[in-house]
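Understanding the architecture of this molecule
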Amino acid sequence: MRSCRRPRRPGRGAAELSVYTPVSQAELAAWLRGYSVGTLEALEPIPAGIENTNYFVTTTQGRYVLTLFERLPAAELPFYLDLMAHLARHGIPCPAPIADLADAYLGELNGKPAALVTRLPGRSVEQPGPHECAELGALLARMHLAGRSYGAYLENPRGPRWWRAAARDLQPVLPEAQRRRIDEELAFQAGQRFPDLPRGPVHADLFRDNALFVDGRLSGVIDFYFAGVDCLLYDVAVCANDWCLVDPRSDRRLAPARVRAFLAAYHSLRPFGAAERTAWPVMLRAAALRFWLSRLHDLHLPRPGELVHAHDPAHFGELLAQRAAEAPPWLEAP
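Details of the pattern of salt bridges
Pairing is possible between side chains that carry opposite charge, provided their charged atoms lie close to one another. Counting across every chain of the model gives 16 salt bridges. One salt bridge in this structure joins Glu 70 and Lys 112, with 2.5 Å as the shortest N-O distance. In this pair, Glu 70 sits in the loop between strand S3 (62–69) and helix H2 (77–89) while Lys 112 sits in strand S5 (residues 112–118), placing the two residues 42 residues apart along the sequence. For Glu 70, a relative accessible area of 15% translates into the label buried.

Focus on a positive patch on the surface
Where like charges cluster on the molecular surface, the positive patch consists of Arg 161, Arg 164, Arg 168 and Arg 193. In this fold, Arg 168 is placed in helix H4 (residues 160–170).

A few points about unusual backbone geometry
Negative phi values dominate among residues other than glycine, just as trans dominates among peptide bonds. The phi dihedral of Asn 110 falls on the positive side, at around 50 degrees, and the residue is not glycine. Looking at the secondary structure, you find Asn 110 in the loop between strand S4 (107–109) and S5. In the Ramachandran plot, Asp 223 falls in the positive-phi region, its phi being about 65 degrees despite a non-glycine side chain. Within the element layout of this structure, Asp 223 appears in the loop between strand S8 (217–221) and strand S9 (228–231).

A closer look at the state of the cysteines
Applying the stated criterion across every chain, the model contains zero disulfides. Looking at the unpaired Cys 94, the closest cysteine sulfur is the one in Cys 239, lying at 15 Å. Free cysteine Cys 133: the closest other cysteine sulfur is in Cys 244, separated by 4.0 Å. On the basis of relative accessible area, Cys 133 is assigned to the buried category, the value being 0%.

Quick look at the environment of Ala 288
Residue placement: Ala 288 occurs in helix H8 (residues 274–300). Separated by 143 residues in sequence, Ala 288 and Leu 145 place their C-alpha atoms 25 Å apart. Ignoring anything within four residues of it in the chain, the contact list for Ala 288 reads Asn 241, Phe 316, Leu 319 and Leu 320.

Remarks on the nonpolar core
Core analysis: the biggest nonpolar cluster contains 81 residues, and Leu 206, Val 236, Trp 243, Phe 262 and Trp 280 have the highest contact counts within it. When residues in this core are grouped by element, the largest group, twelve residues, is from H8. With 18 residues, the next largest nonpolar core counts Val 23, Leu 28, Leu 109 and Ala 114 among its residues.

Concerning the packing of aromatic side chains
Summed over the entire model, instances satisfying the criterion amount to twelve aromatic pairs. Ring plane angle 90 degrees and centroid distance 6.0 Å describe the contact between Tyr 80 and Tyr 225, whose orientation is recorded as edge-to-face. Taken as a pair, Tyr 80 in helix H2 and Tyr 225 in the loop between S8 and S9 lie far apart in primary sequence, 145 residues in all. Both residues of the pair, Tyr 80 and Tyr 225, belong to the buried class.

Describing the sheet that holds S3
Strand pairing within a sheet occurs via backbone hydrogen bonds; the two strands may be parallel or antiparallel. In space, the five strands of this open sheet follow the order S1-S2-S3-S5-S4, with antiparallel pairing throughout. Edge positions in the open sheet fall to strand S1 (40–45) and S4, since each of these has one partner strand only. Strand-to-strand twist across the sheet, computed as the mean angle between neighbouring axes with direction ignored, equals 35 degrees. As defined by bridge partners, S4 adjoins S5 across three bridges and the pair is classed as antiparallel. Across the sheet, Glu 108 pairs through a bridge with Pro 113, a residue of S5. The strands touched by helix H1 (residues 25–32) are S1, strand S2 (52–59), S3, S4 and S5; relative to S1, the strand with the most contacts, the crossing angle is about 125 degrees.

Rules behind the numbers
Residues numbered from 1 in each chain as written. Predicted model: local features only at pLDDT ≥ 70, side-chain atom pairs only at ≥ 80, totals over all residues. Heavy atoms only, no water. Salt bridge = Lys/Arg side-chain N within 4 Å of Asp/Glu carboxyl O. Helix = DSSP H or I, 4+ residues; strand = E, 2+ residues; numbered from the N terminus. Buried < 20%, exposed > 50% of the residue type's maximum accessible area, 1.4 Å probe, protein only. Patch = residues over 30% accessible without salt bridge, like charges linked within 9 Å, V, L, I, M, F, W, Y side chains within 5 Å. Areas by Shrake-Rupley, 256 points an atom, 1.4 Å probe, with all protein chains shown as cover. Lys, Arg positive; Asp, Glu negative; His and termini not counted. Charge placed at Lys NZ, Arg CZ, Asp CG, Glu CD. Disulfide = S-S within 2.5 Å. Contact = heavy atoms within 4.5 Å. Core = buried A, V, L, I, M, F, W, Y, C linked by side-chain atoms within 4.5 Å. Phe/Tyr/Trp six-rings, centres within 6.5 Å; stacked < 30°, edge-to-face > 60°. Pairing = 2+ DSSP bridges. Axes fitted to C-alpha atoms, helices over the stretch in contact; angles between N-to-C directions.

Structure, rendered in structure tokens:
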């Protein structure tokens, strides 16, 4: 889900519409009669999603985002919606699910599970500097702290078990060099054990286009539909691999000033432990592997859809190679 149109940029693919399940004005107007949100005024497809169908919805009482869940298991959806509601109650600027007249967050529209959430203000930042990275670090730490009191449990759905399944699915369609590189990284990750790392609910997809800014302040975090329970450091690594690159188009090393600002702001609220510093290079590789596999899967094993696009996987393949060749050090704040 998105609250603004996002620009084209490398690493996430060209911005096109992804609408798997069309919804007409009449269909939505009828569905909204089950909510106390007023009458429908406008409906607009949201660009660039690849997992779900999303629309901006404007009613006489407010602005919302409608999400139709295309392939997430129905049993997992309450975890995501209840997590957003929990975080919103704790002051985290994230979409708050709207309950229907039966007091349920999750409904059904055109044969798909569907949810309505608040639409947040702001726009994503294409080229974040140290200031924006510090804003992100502080909010991510607040989100992790707030998540400690969230009682539901869902193991990261795109964690190591999914990596292995995706790799098996991709075996017949990938060139030998890519298959070998994936197998090598899976073997490396299988040999890493960090049982003492702090764990809890993680966003797991907090890229630049999932954070919104207003006047230099981070105004919202969106798209929680890859969330799950994992090492908190994994969430930090996902962010660093997207927000802190020297140049996403040509230089995938971490930019020291942005990394320091990001980690220092996070550390000021939830201090990192020695085990997290040790695990940092491994988590950066794990985060790169996860998104390389998902991009490859979307490209080579697509599902039917209307106006669908897939992100270019090459960015994350190259990023993983860089992380494996040169383990990034932990960068303390000066």
